[in-house]
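Single-letter residue listing:
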Amino acid sequence: MVFRAVSAGTTGLLVLLAEAGASTHAAGVLIGRPSAAGLALAAFASVFVWTSGLRGLGGFLLPAGAVLLAVLFPKAGPSWLLFSGRPLLVFAFAALTLALIASRVRPWKEFLLPVFFVLYAGVAYQAQSRVGPDGDEPQYLMVTESLIHDHDLALDQDFREQRYAAFFSRPLEPHFRIRGPEGQIYSLHAVGLSILILPAYWLLGHPGASFFMALLAALLVREVRRLVRELSGDEILAEGTAWLVGLSPPVIHFAGLIFTEIPAALLLCVGLRTAVFGGTSRAGMVAALCAAGLPWLNVRYAILSVAIAFALACRQPLRRLVPGASILIGSALAIGWYHFELWGFFDPRRVYGRNREFSLGILPEGLPGLFFDQEFGLFVYAPIFVLSVSGLFQLFRNHRVLAVAGLIATLGVIATASVWPMWRGGFNPPARFLVPLVSVLAAPLALSLRRGLGPATALLAGWGLWCGLGGVANIETVHRDRDGVAPFFRTQSGAREWTAVLPSFVLSEDRPTRVLAWPWAVLLGLPLLLGATRSLFPSPRLRNRDTLLASIAFMSAAILADRLSPRVRSPERDATRLLGSPALLLPSFRFEASSTAAWLLEFFYEPHRFPTGHGFAAAVPLRAGQYELILATHDRLNVSDPPYVEARDRKTTAATRTLMVAARDGLHAAIELRQAGTFDLALVGGEPLAFVGAELRRVY
């Protein structure tokens, strides 16, 4: 009874602390006050764990006490602050995952498709309203627009008339490398996706196309369940794997986006399942159609067609291969004819021009970046997929054809993406080029999960659920182009930012941070070496030491990376997370109804060296309203020529300048922000000054 209460209380406490948030302060650490919704969620989580009968979650109290440890040992414990605020949801989700398995609660399988469609439709709406189409998305939409209005693929008139204004607010240039025989502009992107979304776009414009893509993502989750069920014969395992994959990156972040990756993943999943487990002529035809359709989405998906064709050739009798082979050959000839009609050549690769841009010199950054880059790496957002590596050996023993086909697809995609300068994609969520491999990663993942789900594995799942659902709630933070720092981890951290402990492989200036991949690689290698030895339904007598050891391993890797990190810290962001919110200040236990952000500054301001401004706070998220800024100086009472403070919105680049006023406690400025945003703060003009501290208060 006591251990059940400890497990329930631990889970509730984790949810409370995570929802309330945390930030640093010059006088200690601020712990936010939970909202009514946070209290309700914590109560629900506690009750759920209690009713599951699960024990042994007490080890997850270690990260819950991280802030207290950091306060008690301020010199030795700053790294403990990594485990405050939102990141505690990793442990909460891990606890709930273990409790769900122990409770034996199973959703009706009929719920899977409608639930995920509703969820993904919500994700799509978030992306439409808060991000909008960007990157390659407007290019696919413009081809569809041309097909509907001009009944052709030439884009000259469409861009000249700016038809993209219906869904894109900025000037847009077409993506093309070479022109047609008569100088026409044709998109270098394959036409398959534009045709696929045409009916939905014709009916409801960009929102219709986006919701249609959300439906395809939900169908992908259902197909993952079907594939795992055919592979394992275990309905429960298939259901659990589908829900885990569907709620974790990268699928949930790409739901509703106009990219080829989700349709490619769906075709590959259906094609492999019907080729390996179909056994009928009809199944063979379906597999062949899937293989034939993939290159129409993108020529690089030809390797996925090869994987399906290999599985089909191994599993189907020779007499049944003729119709499928005819479909594949006919599709290949049609693609060649299509390119000849538009450009005058048969090779679809030539639309990219003579310079293919592939180079083995990119491999040292592209290969690890695909998995460990903090903006675009798969394992950074969904580490549970590392178990696919260990499950692959079991898959090879049980279903060699599926294993080899999966290897063909996986190695082909990775080899192509990792030697291309655009291995990250463009303006898109993480792991774009690995999305088509979701099914071939889910199959061995399921076999690994069948061996058991212990605390370490649950933490991997918990991290993915936090990134997946947290990314949906803050959708703009996962739709990014390269800048070396992941906005999700920048904004969703607690009292210490996680961007400093995660490697970056995109920008050359971030090369020193790549050493941070090693602690995480070692941590993710432990499940592969140790394996999962527990039953899929762990006993309610799960030991506290198991969750404690898993917590220690995870926290040790993070603390080691924090100590190794070469990044310059951003105390202003750590200090402003609870600005203006009710919070408790530790260690004094002083309650603040509207907390202030206070941090140390140590720099000498020389205006002649920085005529355009000297920044002292970067990428600080602030709500609309009025703020009072106080900068403490060594020479507080002797400032005859104070500087201006400039607040510049990173998105709009709009800036406001306010003249600072000298006072007894430093320089003051009243800053009024008309809209919320992420701001850089800088000093402009004035006289040289030495600054020692900053304080930001929200007035209203």
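In this text, all values refer to a predicted model and were calculated from it rather than measured experimentally.

**Some details on the packing of aromatic side chains**
Overall, the coordinates contain 34 aromatic pairs when judged by the stated rule. A centroid spacing of 6.4 Å and a plane angle of 80 degrees characterise the contact between Phe 167 and Tyr 201, whose relative ring orientation is edge-to-face. Placement of Phe 167 in the loop between α8 (156-160) and α9 (192-196) and of Tyr 201 in helix α10 (residues 198-232) is noted, with a sequence separation of 34 residues between them. By relative accessible area, Tyr 201 is classed as buried at 8%. Ring pairing ties together the aromatic residues Phe 60, Phe 83, Phe 91, Tyr 381, Trp 463, Trp 466, Phe 488, Phe 489, Trp 498, Trp 520 and Phe 554, which thus form one cluster. Over the ring of Trp 50 we find Arg 4, and its NZ or CZ is 4.3 Å from the ring centre.

**Structural notes on the sheet that holds strand β10 (residues 661-663)**
Spatial ordering of the open sheet is given by β5-β13-β7-β11-β10, a layout of five strands whose pairing is antiparallel. Single-partner strands in this sheet number two, and they are β5 (597-605) and β10. Taken over all neighbouring pairs, the strand axes of this sheet differ in orientation by 30 degrees on average, direction set aside.

**Considerations on helix α13 (residues 261-277)**
Between its first and last C-alpha atoms α13 spans 24 Å; for 17 residues at 1.5 Å apiece the expected length is 24 Å, and the two agree. Summarising burial for α13: 15 of the 17 residues are buried, a large majority. The positive-phi residue at the C-terminal boundary of α13 is Gly 279, with phi of around 75 degrees.

**Side note on the pairing of strand β7 (residues 625-633)**
Within β7, seven of the nine residues are buried, which leaves the element mostly enclosed by the surrounding structure. Bridging between β7 and strand β13 (residues 689-698) involves seven bridges; their strand directions are antiparallel. Residue pairing in the sheet places Ala 632 in a bridge with Gly 693 of β13.

**Observations regarding the packing of helix α6 (residues 112-130) against helix α11 (residues 235-247)**
One can describe the packing of α6 onto α11 by two numbers: an axis separation of 12 Å at closest approach and a directional angle of 5 degrees. Here α6 is positioned roughly parallel relative to α11, judged by the angle of their axes. Taken together, the residues of α11 that come into contact with α6 (itself represented by Leu 112, Val 115, Phe 116, Leu 119 and Tyr 120) are Glu 239, Ala 242, Trp 243, Gly 246 and Leu 247. Here the contact of α6 with α11 is composed, by residue class, of eight nonpolar, one polar and one charged.

**Focus: the pairing of strand β2 (residues 28-32)**
Buried residues dominate β2, accounting for five of its five residues. Bridging between strand β1 (residues 22-25) and β2 involves four bridges; their strand directions are antiparallel. Considered in β2, the bridge of His 25 is made with Gly 28. Counting the residues between successive antiparallel strands, the hairpin from β1 to β2 contains two residues. Pairing geometry for β2 and strand β3 (residues 583-586), over four bridges, is antiparallel. Residue pairing across strands places Ile 31 opposite Leu 584, the latter belonging to β3.

Reading the values: rules and limits
- Residues numbered from 1 in each chain as written.
- Predicted model: local features only at pLDDT ≥ 70, side-chain atom pairs only at ≥ 80, totals over all residues.
- Heavy atoms only, no water.
- Phe/Tyr/Trp six-rings, centres within 6.5 Å; stacked < 30°, edge-to-face > 60°.
- Helix = DSSP H or I, 4+ residues; strand = E, 2+ residues; numbered from the N terminus.
- Buried < 20%, exposed > 50% of the residue type's maximum accessible area, 1.4 Å probe, protein only.
- Lys NZ or Arg CZ within 6 Å of the ring centre and 35° of its normal.
- Pairing = 2+ DSSP bridges.
- Axes fitted to C-alpha atoms, helices over the stretch in contact; angles between N-to-C directions.
- Expected span 1.5 Å × (residues − 1).
- Parallel < 35°, antiparallel > 145°, perpendicular 65-115°, else oblique.
- Contact = heavy atoms within 4.5 Å.
- Nonpolar A, V, L, I, M, F, W, Y, C, P; charged D, E, K, R; others polar.

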